[in-house]
Amino acid sequence: NKTGYKPIDEVLNAGLRALSPSDFNASLKEEGILILDTRPAGEFSKCFIPGSIHIGLNGDFAPWVGSLLENVNQPLLLVCEAGKEAEAVTRLSRIGFDHVRGILNGGMDAWMAEGRPTEKINRITAEKMSEIFTPELQVIDVRKPSEFENGHMAHASLKPLAEIHEWSNSIPKNASFFLHCQGGYRSMIAASILASRGIKNFWEIEGGYAAISKANLPGIVIEKENVDH
């Protein structure tokens, strides 16, 4: 980085600017701005601001921000779990994302109190999945190829999260499918990106493949690849 890094105090002062829901909404008019929601996946799934991208602080936050957002000059607005605001801005700064415009003051509770629009992800348990599962419904597995080879649902399509900007373009907006990763962290990231692109008619599986494979669910077949190493 030839220009060096901004002093952390400067980064925090700018990034931790508390924005009321009204000011937060007004800031969305800035060209190219993105809402990054860093709350836990379960909280995000219940209620989020339309268009938000979810990458939770409680997982591999920095690697996925760097991989999926790519542009360190991306202007960001943050939605955070209470008490996690400084951690979010600091961790973003460590990987060069110094253009945080502010934090939603009061979080989603404040946003909803003003009756502003929200969306949710249809997150279901593995047991619920077995109740509605049919072989005709597509299963999208966003894990790594090595994880997929060690075991996957029969007829699942491997579409790694790292490649979502490429494969999401081939998903029809009205497609119905199940979406999972290993434990639920990466699939919620994928779910938020798909939803931001108008793809919303899917079920994301809480607990991911770990929950699916351990539950011995009726109608759910687990396969392993025969790979020579």
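Right, let's walk through the structure included here. (Residues numbered from 1 in each chain as written. Predicted model: local features only at pLDDT ≥ 70, side-chain atom pairs only at ≥ 80, totals over all residues. Heavy atoms only, no water.)

Volume-wise, the largest pocket comes out at about 260 Å³. Along the walls of the largest pocket sit 16 residues, with Arg-39, Cys-80, Gly-107, Met-108 and Asp-109 positioned nearest its centre. Looking at the lining of the largest pocket, the elements that each hand over two or more residues are α3 (41-46), β5 (100-104) and α6 (107-113). Among the elements that take part in the lining of the largest pocket, α6 stands out by supplying four residues, more than any other. (1 Å grid on protein atoms, 1.4 Å probe; cavity = no way out; pocket = protein on both sides within 12 Å on 5 of 7 lines; lining within 4 Å. Points joined across faces, edges and corners; volume = space filled by probe spheres on them. Helix = DSSP H or I, 4+ residues; strand = E, 2+ residues; numbered from the N terminus.)

When we look at burial in helix α4 (residues 61-68), the residues that qualify are Phe-61, Trp-64, Val-65 and Leu-68. The buried side chains of α4 occupy one side of the element, clustering within an arc of 105° when seen end-on. Those residues of α4 that are buried are in contact with β2 (34-37), α5 (85-94), α9 (164-167) and α10 (185-196). Phi turns positive, to about 70°, at Glu-70, one or two residues after α4. (Buried < 20%, exposed > 50% of the residue type's maximum accessible area, 1.4 Å probe, protein only. Arc of directions from axis to C-beta. Contact = heavy atoms within 4.5 Å.)

Looking now at the pairing of strand β10 (residues 177-180). Taking every second residue as pointing to the same face, both faces of β10 are buried, with Phe-177 and Leu-179 on one and Phe-178 and His-180 on the other. Of the pairings in the sheet, the one linking strand β7 (residues 138-141) to β10 comprises four bridges and is parallel in character. Counterpart to Val-139 in the pairing with β10 is Phe-178. Where β10 meets strand β11 (residues 202-205), three bridges bridge the pair, whose relative direction is parallel. Bridge pairing in β11 places Phe-177 opposite Phe-202. Note on the crossover from β10 through α10 to β11: the handedness is right-handed. (Pairing = 2+ DSSP bridges. Right-handed = clockwise from strand over helix to strand, strands pointing away.)

So, about the packing of α4 against α10. Where α4 meets α10, the closest approach of the two axes is 12 Å, and the angle between their N-to-C directions is 30°. Looking at the two axes, α4 sits roughly parallel to α10. Where α4 crosses over α10, the handedness of that crossing is right-handed. Together, Phe-61, Trp-64 and Leu-68 of α4 and Tyr-185, Arg-186, Ile-189 and Ile-193 of α10 make up the contact between the two elements. (Axes fitted to C-alpha atoms, helices over the stretch in contact; angles between N-to-C directions. Parallel < 35°, antiparallel > 145°, perpendicular 65-115°, else oblique. Left-handed = near helix turned anticlockwise from the far one by under 90°.)

What follows deals with the pairing of strand β4 (residues 76-79). The side-chain alternation of β4 yields two buried faces, one formed by Leu-76 and Leu-78 and the other by Leu-77 and Val-79. Strand direction decides the pairing type here: β2 and β4, joined by four bridges, are parallel. Looking across to β4, one finds that Asp-37 is bridged to Val-79. The pairing of β4 with β5 spans three bridges and is classified as parallel. Residue pairing for β5: Leu-78 is matched across the bridge by Ile-103.

So, on to the sheet that holds β5. Strand order in the open sheet formed by five strands is β1-β5-β4-β2-β3, and the pairing between neighbours is parallel. Of all strands in the sheet, those with a lone pairing partner are β1 (18-19) and β3 (53-54), marking the two edges.

Next up on the list: the side chain of Ser-45. Its location among the elements puts Ser-45 in helix α3. At a separation of 2.8 Å, a polar atom in the side chain of Ser-45 contacts the main-chain carbonyl oxygen of Gly-42. Excluding residues that lie within four positions of it along the chain, Ser-45 makes contacts with Lys-120, Ile-121, Arg-123 and Met-188. (Polar contact = N/O pair within 3.5 Å; in protein donor to acceptor, adjacent residues only side chain to side chain.)

What follows concerns the nonpolar core. In terms of nonpolar packing, the biggest core is built from 45 residues, with Ile-55, Leu-76, Leu-78, Leu-92, Phe-177 and Leu-179 touching the most fellow members. Those residues within four positions of Leu-78 in sequence are excluded, and the remaining contacts are Phe-24, Leu-36, Ala-88, Val-89, Leu-92, Val-100, Gly-102, Ile-103 and Leu-104. (Core = buried A, V, L, I, M, F, W, Y, C linked by side-chain atoms within 4.5 Å.)

Mapped onto the elements of the fold, His-152 is located in strand β8 (residues 152-153). Using a relative accessible area of 3% as the deciding quantity, one classes His-152 as buried. A polar contact of 2.9 Å, which involves the side chain of His-152, links it to the backbone oxygen of Phe-148.

The next subject is the packing of aromatic side chains. Each aromatic ring pair is specified by the distance between its two centres and by the angle formed by the two planes. The tally for this structure, following the rule as stated, stands at five aromatic pairs. When the centroid spacing of 4.2 Å and the interplanar angle of 15° are considered together, the rings of Phe-44 and Phe-48 count as stacked. Each of the two residues, Phe-44 as well as Phe-48, counts as buried. Of the aromatic side chains, those joined through ring pairs into one cluster are Phe-133, Phe-178 and Trp-203. For Arg-143, the ring lying beneath its charged end belongs to Tyr-209, and the centroid distance is 4.2 Å. (Phe/Tyr/Trp six-rings, centres within 6.5 Å; stacked < 30°, edge-to-face > 60°. Lys NZ or Arg CZ within 6 Å of the ring centre and 35° of its normal.)

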